[in-house]
2 protein chains.
Amino acid sequence: MDVSDKYSLRGRVFNEIREGILSGKYKEHEELKENTLGQELGVSRTPVREALRQLELEGLVKIIPNKGAYVVGLTERDIKDIYAARSVLEGLCARWAAQYITPEQKKELSENVELSEFYATRGNFAQVCELDTRFHEILYQASGSRIMEHMLLNFHHYVERVRLMSLATEGRAAHSNEEHRKILQAIEEKKPQLAEELAHQHVMNTIQNIDNYGLKNLLDASGSTEE
Amino acid sequence: MDVSDKYSLRGRVFNEIREGILSGKYKEHEELKENTLGQELGVSRTPVREALRQLELEGLVKIIPNKGAYVVGLTERDIKDIYAARSVLEGLCARWAAQYITPEQKKELSENVELSEFYATRGNFAQVCELDTRFHEILYQASGSRIMEHMLLNFHHYVERVRLMSLATEGRAAHSNEEHRKILQAIEEKKPQLAEELAHQHVMNTIQNIDNYGLKNLLDASGSTEE
DNA sequence: TGTGAATATTTTATATAGAGAATAAAATGT
DNA sequence: ACATTTTATTCTCTATATAAAATATTCACA
């Protein structure tokens with residue numbers, strides 16, 4: 001996550017509002033009033049204000065001076081663009097990971113792939129999702145680039161709902177696991193070029209999968225499960 | 001810029017601290033105390049706090065809860081990574097610009113290239129720099145992707161000092177202008193693939209130029225001119 | 001009934017105050 | 001003299017108060 005003091009009031013407020021926007025609890029163009037949010041979350045306006053200012057910077061909230069804060073949220077176009085950006089950036093990230101990964105990270109990545117394959121055969125998709133998230137996070141760290149890590153972590157979290165829904169579609173988890181294994185192998189064999197291509201293709205395949213099912217369908221399905 | 005109320009106290013405070021970090025006024029690991037900054041800028045601690053929280057999200061400041069805010073700044077590695085990321089993202093952006101650019105944007109881009117060539121022959125590099133900045137900004141807008149625009153605007157600003165120093169090196173302005181013209185042409189002829197390759201190459205050439213002169217030399221030179 | 005000025009209400013923006021955490025300094029005991 | 005506990009100080013964190021801006025409401029008047 002981005003905010004260091006996750007467990008302070010402000011950190012909690014930030015995360016709650018952010019989740020509220022990403023999950024659709026706070027809807028597009030909705031006004032986020034400091035007082036209301038504060039009461040809702042049981043805090044004063046100060047931490048709410050700070051959280052809103054941060055969310056503005058992330059682009060999830062638009063602040064009109066002396067007027068108010070409004071939910072911006074992510075459009076379909078935004079999500080597609082994020083995937084497009086990820087397709088090239090995850091490639092670059094995997095390239096660097098192949099060059100800079102530490103033995104510990106290599107070990108965790110390898111175990112991650114093993115475990116995910118195990119859970120997939122057992123049909124435990126919740127675990128597969130979590131491991132998928134972690135797989136990519138390890139790559140981000142292994143790139144040794146805080147810029148890359150920062151950027152991709154954000155994106156990853158932005159599209160979390162879509163990502164998990166895509167992974168839950170018929171057969172995608174197994175394919176994803178295969179792709180993870182190939183990426184792992186390229187990294188273990190220190191083949192940056194190959195790792196880049198595979199990671200790029202991995203994201204492109206996800207995009208393809210999302211297109212097949214339709215982004216709207218996936219989002220609606222995930223939205224309804226939460227209510 | 002990112003903050004909507006550029007001219008409010010908080011907006012001003014945010015920009016001043018940000019510029020202070022990017023320009024090197026506030027040095028790596030330096031502690032940014034709310035009181036001190038507030039007095040320096042003639043405001044109370046509240047707007048300072050909000051600005052610091054935002055800078056944390058941007059990665060320019062590290063906040064340790066209940067302890068303090070510390071300058072993180074950009075390392076050489078960070079700058080190189082930003083350029084690497086830009087090399088692929090500006091490519092993608094140019095591709096989209098070729099697809100979605102409006103006639104007005106096309107016109108401004110064309111005039112921008114003309115003007116820049118004019119100023120370059122006259123040796124007016126300050127103008128060339130400004131036009132270079134604007135050239136890229138137009139492309140970001142023309143991509144029609146607020147995600148892309150947001151990301152690249154940030155990066156662009158992060159490396160502004162390096163970018164301008166690179167543009168000031170022998171012969172680079174002229175080459176840059178040539179590359180701009182080719183990108184413009186690809187966009188006018190609606191060739192997304194070509195536009196992507198050219199924009200990618202444009203950033204790669206800048207990286208090459210920076211490497212030739214040495215990032216440190218460029219940064220030192222720009223730092224000394226400010227003091 | 002409709003329009004516009006004047007007033008009231010709501011909400012943001014900034015400053016300040018009090019509580020709590022972390023660090024530095026002083027005092028105490030061995 | 002050194003280690004440890006206690007005290008003091010500094011600074012953050014949250015809440016609240018005041019000011020200013022924006023919006024909504026009321027009322028007068030045509």
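Structural data are supplied above this passage.
Below you will find a few notes about this structure.

Cut-offs applied
Residues numbered from 1 in each chain as written. Chains lettered and ligands numbered in written order. Predicted model: local features only at pLDDT ≥ 70, side-chain atom pairs only at ≥ 80, totals over all residues. Heavy atoms only, no water. Helix = DSSP H or I, 4+ residues; strand = E, 2+ residues; numbered from the N terminus. Buried < 20%, exposed > 50% of the residue type's maximum accessible area, 1.4 Å probe, protein only. Polar contact = N/O pair within 3.5 Å; in protein donor to acceptor, adjacent residues only side chain to side chain. Contact = heavy atoms within 4.5 Å. Buried area = accessible area lost by both parts, 1.4 Å probe. Salt bridge = Lys/Arg side-chain N within 4 Å of Asp/Glu carboxyl O. Least-squares fit on C-alpha atoms with pLDDT ≥ 70 in both. Near = heavy atom within 4 Å. Nonpolar A, V, L, I, M, F, W, Y, C, P; charged D, E, K, R; others polar.

A separate point is the side chain of Ser87(B). Residue and element names in this part refer to chain B. The topology assignment puts serine 87 in helix 4 (residues 76-100). Taking relative accessible area as the criterion, serine 87 reaches 5% and is therefore assigned buried. A polar side-chain atom of serine 87 sits 2.6 Å from the main-chain carbonyl oxygen of alanine 84. Leaving out residues up to four positions away in the same chain, serine 87 has contacts with His200, Val203 and Met204.

Here we come to the interface of chain B and chain A. Opposite the 38 residues of chain B that make contact, chain A presents 38 residues. Summed over both partners, the interface of chain B with chain A comes to about 3200 Å²; 59% of that surface belongs to carbon and sulfur atoms. Among the residues of chain B in contact with chain A, Leu57(B), Arg146(B) and Ile147(B) are the three that bury the most area, contributing 21% of the side total. Linking chain B with chain A are 6 salt bridges. For the salt bridge of Asp78(A) with Arg146(B), the shortest nitrogen-to-oxygen distance reads 2.9 Å. By residue number, the principal contributor to the side of chain B that touches chain A is helix 4 of chain B, which donates 11 residues.

For the rest of this paragraph, the subject is the pattern of salt bridges. Residue and element names in this part refer to chain A. Per the stated rule, a full pass over the model turns up 41 salt bridges over all chains. Here arginine 163 ties to aspartate 132 by a salt bridge, and the two come within 2.8 Å at their closest N and O atoms. With arginine 163 in helix 8 (residues 160-167) and aspartate 132 in helix 6 (residues 125-142), this pair connects stretches of sequence that are 31 residues apart. Residue arginine 163 is classed as buried on the basis of its relative accessible area, which comes to 5%. Glutamate 179 is the salt-bridge partner of arginine 172, the closest N and O atoms lying 3.2 Å from each other.

The operation relating chain B to chain A is a screw motion whose rotation component is 180°, with 0.0 Å of axial translation and a residual RMSD of 0.1 Å. Given the turn and translation reported, the copies of this chain are related as if by a two-fold rotation axis. The share of interface residues of chain B whose copies in chain A are also at the interface is 100%, consistent with both copies meeting through the same surface.

This next bit is on unusual backbone geometry. Of note in the backbone geometry, Lys190(A) takes a positive phi value of approximately 55° without being a glycine. Note on placement: Lys190(A) falls in the loop between helix 9 (172-188) and helix 10 (192-213).

Attention now goes to the protein's contact with DNA strand D. Around DNA strand D, the structure places 20 residues, and the nearest of them are Ser44(A), Thr46(A), Lys67(A), Lys33(B) and Arg53(B). The sugar-phosphate backbone supplies 69% of the atoms of DNA strand D found within 4 Å of the protein. Lys33(B) is positioned with one of its side-chain polar atoms (N or O) 2.8 Å from a phosphate oxygen of DNA strand D. Within the side chain of Arg45(B), one N or O atom sits 3.0 Å away from a base nitrogen of DNA strand D. Contributions of two or more residues to the surface near DNA strand D are made by helix 1 (9-23) and helix 3 (45-58) of chain A together with helix 3 (45-58) of chain B. Among the residues making up the surface near DNA strand D, the classes are represented as 5 nonpolar, 6 polar and 9 charged.

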